[in-house]
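The lines below spell out each chain.
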Amino acid sequence: MVQPLLVDTSKGREMLGGMGKTQFFELLKQGKLKRIKIGTKTLVPISSIQEYVASLEAA
């Protein structure tokens with residue numbers, strides 16, 4: 001099975017433990033998570049989510 005490289009914001013929030021919309025979009029705004037816009041859709045690279053979680057573990 002092929003693993004996705006990008007997820008929508010809803011799936012990204014779910015992957016981060018069900019994080020709220022406001023907090024998730026604040027992480028995007030702060031650059032702690034990367035975003036890719038395709039048309040009107042905002043997608044987040046899985047690698048960005050993994051890097052963010054690793055930075056939390058290192059702290």
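Residues numbered from 1 in each chain as written. Predicted model: local features only at pLDDT ≥ 70, side-chain atom pairs only at ≥ 80, totals over all residues. Heavy atoms only, no water.

Caption draft 1: Quick look at the overall build of the protein. In terms of regular secondary structure, the protein is built from three helices and three strands. If you list the helices and strands of the protein from N to C, you get β-α-α-β-β-α. The globule rule puts the C-alpha radius of gyration for 59 residues at 10 Å, and the 11 Å found for the protein is close to it. Dimensions of the protein, computed from the C-alpha atoms along their principal axes, are close to 35 × 30 × 20 Å. Intrachain contacts of the protein at a sequence separation of at least 6 include 42% that bridge at least 24 residues. Looking at the protein as shown, the accessible area adds up to about 4300 Å², and 56% of this sits on carbon and sulfur atoms. A gap of 8 Å separates the mean positions of the 9 positive and 5 negative side-chain charges of the protein. (Helix = DSSP H or I, 4+ residues; strand = E, 2+ residues; numbered from the N terminus. Rg over C-alpha atoms; globule rule 2.2 N^0.38 Å. Contact = heavy atoms within 4.5 Å. Areas by Shrake-Rupley, 256 points an atom, 1.4 Å probe, with all protein chains shown as cover. Lys, Arg positive; Asp, Glu negative; His and termini not counted. Charge placed at Lys NZ, Arg CZ, Asp CG, Glu CD.)

Caption draft 2: Main features of helix H3 (residues 46-58). Between the first and last C-alpha of H3 there are 19 Å, a value that for 13 residues agrees with the 18 Å anticipated at 1.5 Å per step. When H3 is considered as a whole, its buried residues turn out to be Ile 46, Ser 48, Ile 49 and Tyr 52. Buried residues of H3, viewed axially, fall in a sector of 165°; they line one side. Turned more than 90 degrees away from the buried face of H3, the exposed residues are Gln 50, Glu 57 and Ala 58. Buried positions along H3 lie against strand S1 (6-8), helix H1 (9-15), helix H2 (21-30) and strand S3 (41-45). (Expected span 1.5 Å × (residues − 1). Buried < 20%, exposed > 50% of the residue type's maximum accessible area, 1.4 Å probe, protein only. Arc of directions from axis to C-beta.)

Caption draft 3: Spatial organisation of the sheet that holds S3. Reading across the sheet, the three strands line up as S1-S3-S2 and stay open at both edges, with antiparallel pairing between neighbours. In the strand order of this sheet, the two ends are held by S1 and strand S2 (36-38), each with one partner. Strand-to-strand twist of the sheet, defined as the mean angle between neighbouring strand axes without regard to direction, takes the value 40°. Summarising the sheet, S2 and S3 pair through three bridges and their orientation is antiparallel. (Pairing = 2+ DSSP bridges. Axes fitted to C-alpha atoms, helices over the stretch in contact; angles between N-to-C directions.)

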